[in-house]
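Residue-level structural notes
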Amino acid sequence: MALRVYNTLSGSKEPFVPLTPGKARMYVCGVTVYDFCHIGHARAYVVFDMIYRYLQATGLEVEYVRNYTDIDDKIINRANREGVPYQEISEKFIAEFDRDMESLSIQLPTVQPKATEHIPEIIALIERLIEKGYAYQAGSDVNFSVEKFSTYLKLSKRNLEDMQAGARVEVDDRKRNPMDFALWKGAKPGEPYWESPWGQGRPGWHIECSAMSMKYFGESFDIHGGGKDLIFPHHENEIAQAEAATGKPFVKYWIHNGFVNINAEKMSKSLGNFFTIKQVLEHCDAEVLRFFLLSSHYRSPLDFSDQNLKESQAGLERIYNSLAGIDERLLGSATAAAGEEAAELEEKVAALPGRFREAMDDDFNTALALGHIFELVRSINKALPSAPAELLLKTKQEVAAIAGILGVMDSVPAEFLGRLMQRKSEGVEIAPEEIEKLIEERAEARKAKNYKRGDEIRDYLAERNIILLDSAQGTSWKIK
RNA sequence: GGCGGCGUGGCCAAGUGGUAAGGCAAAGGUCUGCAAAACCUUCACUCACCGGUUCAAAUCCGGUCGCCGCCUCCA
C-alpha cells in the first residue's frame, strides 16, 4: 500500500502523488517570533518533522521550508513595551525557537526563510495582485478583495455571507468588504518600515508565506502544513493570494495537526493556559515529551497533563529496558539454544518493517506504529534468554530504523535510562555515598543471614524512593 | 447563528463493514531470602444514546444527548 494522507482541502485521505515524481516539497508555517514556544508549537513541529523524515524514508527527495515570521504587530508591540528595536525581539526568539527545536530532536528544514529578507518578493506579488485587479490600495494599506476571488474559503468550507452574519469582523471603512485582508500595512510613526510603491510600510501576515513558498517551490507544490487554527484565515488567504496571482493550483495537499489541550481545552496564549517547551523540559525528558506527542494520531486533540506525560515515560522506559536487555545479552558471552520464544521474536522482527510502513502509510499513524513496537518489546523480553545473537542484532537494527523516523527510541538504552535516573535523583534527599554505605552494611548482614537488618535497610531506603536491585554481581540501586 | 470535529475498559489510545491492537494503572501468580525488572493470568459479549440499512456495524444512514474547535491573533 502506498502513502495516503488526509487532505484538508478535500476532507478525505488521498493517495500521495507528488507533482514531480521522486520529489516532495513541503512548506510549514513557522512561528511569529515574539515569545517562547509552548508545547502546542512543539507538537506541530514534531509532527511535521516526523512527516519530513517519513517522506524521506519512502525514498523521496524532500525539500522542507519552514519560515520565521520576524515582522508583525505582536513583535512591534513587545519591542515598544520593552523599549528595544524590533530586531532585538525577533532575533532573541528565533534563537530560542532554534534551541527548542534542537532539544526536541527536530531536524533542520532545508530552508528557514525570514519574512524580512523577502520584502522584494512580497512587493512583487502584491503588485501582481493589484495589476490583476485582486487587490486595491486604501490609503497607505493594500488590501486583498475577497469578492474578486471566486473560490475564496474553499479550504475552510465556509461562505462569505455566513462569515459576515457571525460577524466579529471589525468595521474598517477603507475595506470594500469587511473580510478583505491586508497585504501591505502602512507604517505609523515610530514603526519599522520598508519602502514600497504604496509608501513606507510592512507586509501583512499572510502574504509572506505565499511569497516565500512560491520563491522556493514555484507556483505549485505538494504539501503545506500547520496547526488546525491556521486553516482560517491564514491558509485560506495564502491560497487566495497565490492562486489569484498565478491562476494555478497553489498546494496539492493541505495537512493540519490537532491541538494540544489542557483539561480538554485548547492551549493558547489568549486563554493563558499554556506551558512553554522550556518549562516542560525542566521536569520532563525531551525524548519523553516527543514520545508523548507522537503517541496519538497527529490530527487528534492531545490532552497534556502530568499524568499523561508520566504514562509516556513509563512506556518509553519499558521499551528502553528491553533494548538495554538486548545490549547486555550482546555484550555478554551467553549463548542459548533457539526456542519457541526466539521463533516468535523472529517472526515479529520480520513483520515489523511492513507493519510499520503500513501504519505510517495510513496518514502517518504513529500511535499504531508505537503499538507495534510494544508488541515487539514483549517478544524481545520473552526471547531474551534464548535468542541467538544474530536475531537480537537484527531486532536492534529494525528498531533503529523506525527510531530514526520517529525520532524517539534512538538513544543508547543505557544512556537514556541513566538520563532518566539522573532526573529522578534530583528529587532524592539522600546522598549516594550514604546509599553505598548502607548497601555495604546490608551485604554484610545478608552474608550473615541477618535478613531482618537487610530488610530494614531496604525499607529505609524505599521510604526515600531508593529501590535496591540484587543480582549475582552484587547490589545496585535506582530511584523509584 | 454558520461551518467542522469528537464521544472505544479506571486512564491513555489504535481500529471506519467481518465480529474490540497496544500502553499505563490494578489484582493474582512465576522468579527472588525479601525486593526490582521480566514473564503468565485476569481486566470492554461491548464501542455516548435511540432507531435504520446489511447475512454481518464501534465502523454506513437518520435522530438525540454531551464535549471541543474555527468564524478575532494563534501550532
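Conventions adopted
- Residues numbered from 1 in each chain as written.
- Chains lettered and ligands numbered in written order.
- Predicted model: local features only at pLDDT ≥ 70, side-chain atom pairs only at ≥ 80, totals over all residues.
- Heavy atoms only, no water.
- UniProt positions renumbered as here; feature names shortened; annotations may be inferred.
- 1 Å grid on protein atoms, 1.4 Å probe; cavity = no way out; pocket = protein on both sides within 12 Å on 5 of 7 lines; lining within 4 Å.
- Points joined across faces, edges and corners; volume = space filled by probe spheres on them.
- Helix = DSSP H or I, 4+ residues; strand = E, 2+ residues; numbered from the N terminus.
- Nonpolar A, V, L, I, M, F, W, Y, C, P; charged D, E, K, R; others polar.
- Buried < 20%, exposed > 50% of the residue type's maximum accessible area, 1.4 Å probe, protein only.
- Near = heavy atom within 4 Å.
- Polar contact = N/O pair within 3.5 Å; in protein donor to acceptor, adjacent residues only side chain to side chain.

Per an unreviewed UniProt entry, chain A is named Cysteine--tRNA ligase, and its organism is Geomesophilobacter sediminis. The heading Catalytic activity (unreviewed entry) in the UniProt record of chain A holds the text "tRNA(Cys) + L-cysteine + ATP = L-cysteinyl-tRNA(Cys) + AMP + diphosphate". Taken directly from UniProt, the Sequence similarities (unreviewed entry) text for chain A runs: "Belongs to the class-I aminoacyl-tRNA synthetase family."

Quick look at the layout of surface pockets
Roughly 420 Å³ of volume is contained in the second largest pocket. In terms of lining, the second largest pocket is formed by 19 residues, of which the most central are His 283, Lys 310, Gln 313, Arg 423 and Lys 424. Of all elements in the fold, only α8 (277-283), α10 (306-331) and α14 (413-425) reach the threshold of two or more residues within the lining of the second largest pocket. Grouping the constituent residues of the lining of the second largest pocket by class yields 7 nonpolar, 4 polar and 8 charged.

Structural notes on unusual backbone geometry
Cis rather than trans, the peptide bond between Phe 232 and Pro 233 has omega equal to 0°. Among the structural elements, Pro 233 can be located in helix α7 (residues 231-246). Look at Phe 364: it is not a glycine, yet its phi comes out positive at around 55°. When you line up the elements, Phe 364 lands in the loop between α11 (340-361) and α12 (366-383). Relative accessible area serves as the criterion here: at 0%, Phe 364 is assigned to the buried category. Residues other than glycine seldom take positive phi values, yet Asn 465 does so here, at roughly 70°. By secondary structure assignment, the location of Asn 465 is in the loop between α16 (451-463) and β14 (466-471).

Some details on the UniProt feature "short sequence motif: 'HIGH' region" (unreviewed entry) in chain A
Sequence positions flagged by UniProt for "short sequence motif: 'HIGH' region" (unreviewed entry) are, in local numbering, residues 31-41. The span residues 31-41 carries 27% helix and 0% strand; its end-to-end C-alpha distance comes to 8 Å.

Quick look at the protein's contact with RNA strand B
Taken together, 58 residues surround RNA strand B, and among them Lys 74, Trp 205, Gly 227, Leu 230 and Asp 470 come closest. Here a base nitrogen of RNA strand B sits 3.0 Å away from a polar atom, N or O, in the main chain of Gly 40. Take His 41: an N or O atom from its side chain is 2.8 Å from a phosphate oxygen of RNA strand B. At the level of secondary structure, the elements contributing two or more residues to the surface near RNA strand B comprise α1 (39-57), α5 (160-166), β9 (221-227), α10, α12, α15 (432-447), α16 and β14. Ranked by residue count, the leading element in the surface near RNA strand B is α12, at 8 residues. The residue makeup of the surface near RNA strand B, split by class, is 19 nonpolar, 21 polar and 18 charged.

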